[in-house]
There are 2 protein chains.
Amino acid sequence: MKSTNRREALRIGAALGGGLLARAEEPRSLGTPLSGYGERSRFVKSARTTRVTKTPEAGSSATPLAETYGIITPSSLHYERHHAGIPDIDPAQHRLVIHGMVERPLTLTVEEIRRLPSVSRIHFLECGGNSGGEWQTKNQPDVQRSYGLASCSEWTGVPLRLILDEVGVKPGAKWIIAEGADACKMQRSVPILPELDHAMLAYGQNGEPLRPAQGFPLRLLTPGWEGNTQVKWLQRLYVTDQPHMTRDETSKYSDLMPDGKARIFSLPLEAKSVVTFPSGGQKLPGPGLYEITGLAWTGKGLVTKAELTFDGGATWTEARIDEPRFPRAFARFRLPWRFEGKPVTIASRATDETGYVQPTREQLIAARGMNSGYHFNGIKFWRIGADGSVTNVETA
Amino acid sequence: MKSTNRREALRIGAALGGGLLARAEEPRSLGTPLSGYGERSRFVKSARTTRVTKTPEAGSSATPLAETYGIITPSSLHYERHHAGIPDIDPAQHRLVIHGMVERPLTLTVEEIRRLPSVSRIHFLECGGNSGGEWQTKNQPDVQRSYGLASCSEWTGVPLRLILDEVGVKPGAKWIIAEGADACKMQRSVPILPELDHAMLAYGQNGEPLRPAQGFPLRLLTPGWEGNTQVKWLQRLYVTDQPHMTRDETSKYSDLMPDGKARIFSLPLEAKSVVTFPSGGQKLPGPGLYEITGLAWTGKGLVTKAELTFDGGATWTEARIDEPRFPRAFARFRLPWRFEGKPVTIASRATDETGYVQPTREQLIAARGMNSGYHFNGIKFWRIGADGSVTNVETA
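Residues numbered from 1 in each chain as written. Chains lettered and ligands numbered in written order. Predicted model: local features only at pLDDT ≥ 70, side-chain atom pairs only at ≥ 80, totals over all residues.

Colleague: Would you take a moment to explain the pairing of strand β23 (residues 380-384) of chain B for this structure?
Modeller: Looking along a regular strand, one sees side chains alternate from face to face of the sheet. All names here are of chain B. A large share of β23 lies buried, amounting to 4 of its 5 residues. The sheet contact formed by strand β22 (residues 344-352) and β23 spans 5 bridges and is antiparallel. Residue pairing in the sheet places Val 344 in a bridge with Ile 384 of β23. Of the pairings in the sheet, the one linking β23 to strand β24 (residues 390-393) comprises 4 bridges and is antiparallel in character. (Buried ≥ 20, exposed ≤ 12 C-beta atoms within 10 Å, placed from the backbone. Helix = DSSP H or I, 4+ residues; strand = E, 2+ residues; numbered from the N terminus. Pairing = 2+ DSSP bridges.)

Structure representation (structure tokens):
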């Protein structure tokens, strides 16, 4: 081990009040035996918060971002957005039909898809409506309810391009209508663009089959595009020359602009970040050493920089990002920081490999107005009071 | 989308018997509502296989490697090796004591540790006894029971070096005795070597707190070293000038050599690989296209190459490895392959960044004899019969 000077910088003992404590010897007995499928500790109670419509089958549930570590979201805590509940699908009965403007229409079973050349990659998913409340001034109180419609997993599946090459896409075909097997047969029109080369027919999530809430046994994965295009319980790909203007690309997931026109098919998610600690609803126990941490992501490749401000954006300090980084995946950033017990407002901003810098909320509103509930990626502030309590604020 | 010639190579329709099938329209009703903590599909039943001693609290359970995808092992399926069961620890009561040959002994709570600068990284863990049965000719029938004491997760924790710098390791200190809070107070002596710079005090696993079976609320993580050194339920680090020759580094996890001497403290795990599909106990449904896949890993950095042989090792074909690769993590390799319905024996071998090539079983036995049950990393063959059934064999 090489020695460093971190000791002086951190002063853990002084900062945390640690010391050599006598430790009571506890009576010891044998613990729990081995098991086939493990569970978490009874002391861990993180859960998704749900927001439903008139029926509990339609709505969303949010990942507890302040209680997750690293970049992998536990599958049990991956955000949900369902339009007609989670179908109970027997994978042996499920089929994927690929038809329309193709030379050789095809029906595949899940077993057949699993036999094909596959790939595993780590990618985030984000609902187009994530942090939509931030357009308004009445925000959700914490990072889970405001930013929790974003999660990140290792996905395994067959490259979509391989399947499209197999069926032979006809000249003039420009769109794919993807359809789910849920009760509403949720559909989205997906453009055949170069970015679709990243797409896969995913059957695996974090090492096991997709969870039902994320599309078991098969979903379309379109890394970097808004979550709703990543159709779950995928049963049909209809290749055609135009979008079908389905419910979820017209009445939803489109942005009403100040001039009354709608911005639609804005699929690639732009660079975004949020501090998860300290964040709204938390309370720092007192002055001292902490690690500020958060997540940054972009639908357009790699996050190249994550920065933090403590003065309302006048100056920025670069945070460390865990390596390696993955295109179209969460990036975990960290910065050691000492809370002095005085009020302070903090925010993060991400830069991606295209050079795009996450805008301020004011810049977003200037460009798109206040009518939209979707695609918010403005810089996000949290205010820390003198007593350590953290609240959601729009600006420094 | 750019077109490729894969269509010709794969001939999915012909290979899989696919075609455009009429699909019965099913009655549709709303599915399951949103939930706080998700579960897997009732159609997914993968489980760890357990092997116990006279008491169910001591033994091991193995990851179903043939049923996992990518490189992340679901935490519920991570292998277990317990010596006195899983303790039920309240994290608010848990303490880590660091003492011995240090300038400033320290006791830390879990909350204090979580406030320190942390890092998240993907690493495999492997029991030193994994695939120990392969030394003998009576093998386990499948890859789970023969190779399943290896798993891979995203781990989050505080670099051990940071803590050692803080307490100030005294001159002459060369070992750390790590102790768990299980009923047997499992101990291992860990040498203070440059490789220990990769070590961390881990509190997170795959995005959530460590699972109890993997050491909740705190474990020592020593990436690349055998699993037993990565002490779970970590409660003590005693810094000293010599190893303590504990039970698990003398009676266990050491190799009895042909000359009667023991090879001990052979901590870094050497390059290893295994084909997980097709593997023992599986049956290919018939001739046609398949993707051979498997896992390679090394305790000494990156896997640089994974190769497959179909002729007993006379010739080798390089497989594709999913990118990016991580040091001291699983690497997932893949190779499209056509089963002709004739008997064939397959095996994989890994090469790591040091240039080390996974040896044959015969080479291992020549070097270490047959008395050892630990640290087997020989090339592993599976025999596929004309009927597609796969069995465990020692050689081609």
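Colleague: So what exactly am I meant to see when it comes to unusual backbone geometry here?
Modeller: For residues other than glycine, phi is negative in most cases, and the peptide bonds are mostly trans. At the junction of Phe 216 of chain A and Pro 217 of chain A, the peptide bond is cis and its omega measures out at 5° in the coordinates. One can find Pro 217 of chain A in the loop between β11 (208-209) and β12 (219-221). Of note, the amide linkage connecting Glu 323 of chain A to Pro 324 of chain A takes the cis form, showing an omega dihedral of -10°. For Pro 324 of chain A, the position within the fold is in the loop between β20 (320-321) and β21 (331-339). Even without glycine at this site, His 375 of chain A takes up a positive phi of about 60°. Phi angles above zero are rare outside glycine, and Met 245 of chain B is one such case at about 50°.

Colleague: How should the confidence of the model for chain A be read in this particular structure?
Modeller: Interpretation of this model should avoid reading the predicted coordinates in detail wherever pLDDT is low. All names here are of chain A. Per-residue pLDDT for chain A averages 93, and the proportion of residues at 70 or more is 93%. The low-confidence segment residues 1-9 (pLDDT under 50) makes 12 contacts with residues lying over four places distant or belonging to another chain. Every residue in residues 17-22 is under pLDDT 50, and counting partners more than four places away or in other chains gives 14 contacts. Among the prediction metrics, the complex's ipTM stands at 0.93, with pTM recorded as 0.94. (pLDDT = per-residue confidence, 0-100. Contact = placed C-beta atoms within 7 Å.)

Colleague: Honestly, helix α5 (residues 160-167) of chain A in this entry has me stumped. Any pointers?
Modeller: Quick reminder: α-helices carry 3.6 residues per turn. Residues three or four places apart thus point the same way. All names here are of chain A. For α5, the buried fraction is high: 6 of the 8 residues fall into the buried class. Within the span of α5, buried status applies to Leu 160, Ile 163, Leu 164, Asp 165, Glu 166 and Val 167. Just downstream of α5, Gly 168 is the residue with a positive phi angle, here 75°.

Colleague: Help me out: how do you make sense of the sheet that holds strand β3 (residues 80-82) of chain A in this one?
Modeller: Hydrogen bonds along the backbone pair up the strands of a sheet, which may run parallel or antiparallel. All names here are of chain A. Reading across from one edge, β1-β2-β3 is the order of the 3 strands in this open sheet, with antiparallel pairing throughout. Each edge of the open sheet is held by one strand with a lone partner, namely β1 (49-52) and β3. Neighbour-to-neighbour, the strand axes of the sheet open up by a mean angle of 10°, direction not taken into account. Here 4 bridges tie β1 to strand β2 (residues 59-62), and the two strands are oriented antiparallel to one another. Following the sheet pairing, Thr 50 is matched in β2 by Ser 61. (Axes fitted to C-alpha atoms, helices over the stretch in contact; angles between N-to-C directions.)

Colleague: What's the story with the domain arrangement of chain A in this structure? I'm lost.
Modeller: Interface size is often expressed as the accessible area that is lost when the parts come together. Residues and elements named next belong to chain A. Domain boundaries assigned for chain A yield domain 1 (81-263) and domain 2 (272-393). Taken over C-alpha atoms, the centre of domain 1 sits 28 Å from the centre of domain 2. Contacts between the two partners involve 26 residues from domain 1, matched on the other side by 25 residues from domain 2. Contributions of two or more residues to the side of domain 1 that touches domain 2 are made by β6 (119-126), α4 (143-147) and β14 (255-256). (Domains from an automatic or database assignment.)

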